[in-house]
Amino acid sequence: MLPVKNIVILISGRGSNMEAIIRAAQTECWESQLDARIAAVVSNRPNAPGLAIAQSLGIPTAALDHKAYPSREDFDAALVDLIDQYSPDLVVLAGFMRVLGARVVCHYEHRLLNIHPSLLPSFSGLDTHRRALIAGVKLHGTTVHFVTPELDAGPIIIQAAVPILPTDDEKTLAERVLQQEHLIYPRAIRWCVQNALSINHGIVHQRDGEPQFILGTT
Ligand code: GRF
């Protein structure tokens with residue numbers, strides 16, 4: 001039997017994706033199981049609501065307040081020290097609202113994942129739902145990708161699309177996209193844990209040909 005892989009999740013806020021991932025790691029249902037251990041949840045905001053959720057699910061937590069560090073480099077170095085104490089096979093950004101420097105990103109090359117609330121490469125950066133509504137696009141969604149030094153530009157693992165309805169506002173759209181995030185993030189992590197992904201010229205392939213997209217409905 002292969003050794004169980006360790007995952008460290010980084011959050012800054014409410015932690016709903018984190019919770020979906022922890023529950024996938026803890027479920028008895030083999031079909032949706034992650035086959036990995038969530039070694040820790042780390043937040044750069046000591047009062048992030050997600051920390052209490054992680055604790056209630058029995059996961060060790062740690063907070064590293066970025067405001068306590070004089071520079072981004074100092075924070076990044078302390079963060080790597082902390083994360084590496086848990087010997088992670090995979091580091092998962094789940095609503096982690098700090099941009100990580102190139103040294104951190106390269107340290108975890110091909111082991112660092114992020115979820116972004118848009119169909120990348122459209123709408124990288126912030127306020128994605130508002131910008132999608134203003135642009136009048138008819139499909140919006142979410143992307144799980146490997147993290148590279150360029151923001152929101154790493155190889156795409158899986159995407160989920162949802163239609164934008166005439167009645168949508170930022171809140172309703174965000175809710176529908178979030179439901180999809182909770183489906184695709186555990187799936188992408190499972191593929192990583194199973195070594196089922198390869199990257200060729202920046203394109204991510206799934207070994208067993210499993211669909212790397214979800215077409216969500218309303
Ligand atoms: C999600 O929309 C995710 O795409 C983005 O930050 C949000 C985090 O939400 N990166 P939650 O903390 O997981 O609920």
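Shown above is the structure to which this text applies.
Now for a look at the structure at hand. (Residues numbered from 1 in each chain as written. Predicted model: local features only at pLDDT ≥ 70, side-chain atom pairs only at ≥ 80, totals over all residues. Heavy atoms only, no water.)

### Here's the deal with the sheet that holds strand 7 (residues 156-163)
(1) Moving on: With mixed pairing, the eight strands of this open sheet are ordered in space as 3-2-1-4-5-6-7-10. Single-partner strands in this sheet number two, and they are strand 3 (61-63) and strand 10 (213-215). The average undirected angle you get between the axes of adjacent strands in this sheet is 15 degrees.
(2) Moving on: As paired strands, strand 5 (residues 112-116) and strand 6 (residues 139-146) are joined by four bridges and run antiparallel to one another. Residue pairing for strand 6: Ile-115 is matched across the bridge by Val-144.
(3) Moving on: Seen against the sheet, helix 1 (residues 16-26) touches strand 1 (5-11), strand 2 (36-43), strand 4 (90-93) and strand 5 and runs at an angle of roughly 160 degrees to strand 2.
(4) Moving on: Set on the sheet, helix 3 (residues 72-84) makes contact with strand 1, strand 2, strand 3 and strand 4; between it and strand 1 the angle comes to about 145 degrees. (Pairing = 2+ DSSP bridges. Helix = DSSP H or I, 4+ residues; strand = E, 2+ residues; numbered from the N terminus. Axes fitted to C-alpha atoms, helices over the stretch in contact; angles between N-to-C directions. Contact = heavy atoms within 4.5 Å.)

### Description of the site of the ligand
(1) Moving on: Residues in close proximity to the ligand include Arg-14, Gly-15, Ser-16, Asn-17, Gly-95, Ile-115, His-116, Pro-117 and Glu-181, which together make up its full environment.
(2) Moving on: At 2.9 Å, a backbone N or O of Gly-15 approaches an oxygen atom of the ligand.
(3) Moving on: For the ligand, a nitrogen atom lies 2.9 Å from a polar atom in the backbone of Ile-115.
(4) Moving on: A total of 370 Å² of accessible area belongs to the ligand in isolation, and the protein chains cover 86% of it.
(5) Moving on: Put simply, the parts of the chain that give the shell around the ligand at least two residues each are helix 1 and strand 5. (Near = heavy atom within 4 Å. Polar contact = N/O pair within 3.5 Å; in protein donor to acceptor, adjacent residues only side chain to side chain. Areas by Shrake-Rupley, 256 points an atom, 1.4 Å probe, with all protein chains shown as cover.)

So far we have only geometry, and geometry alone does not tell us how the molecule works.
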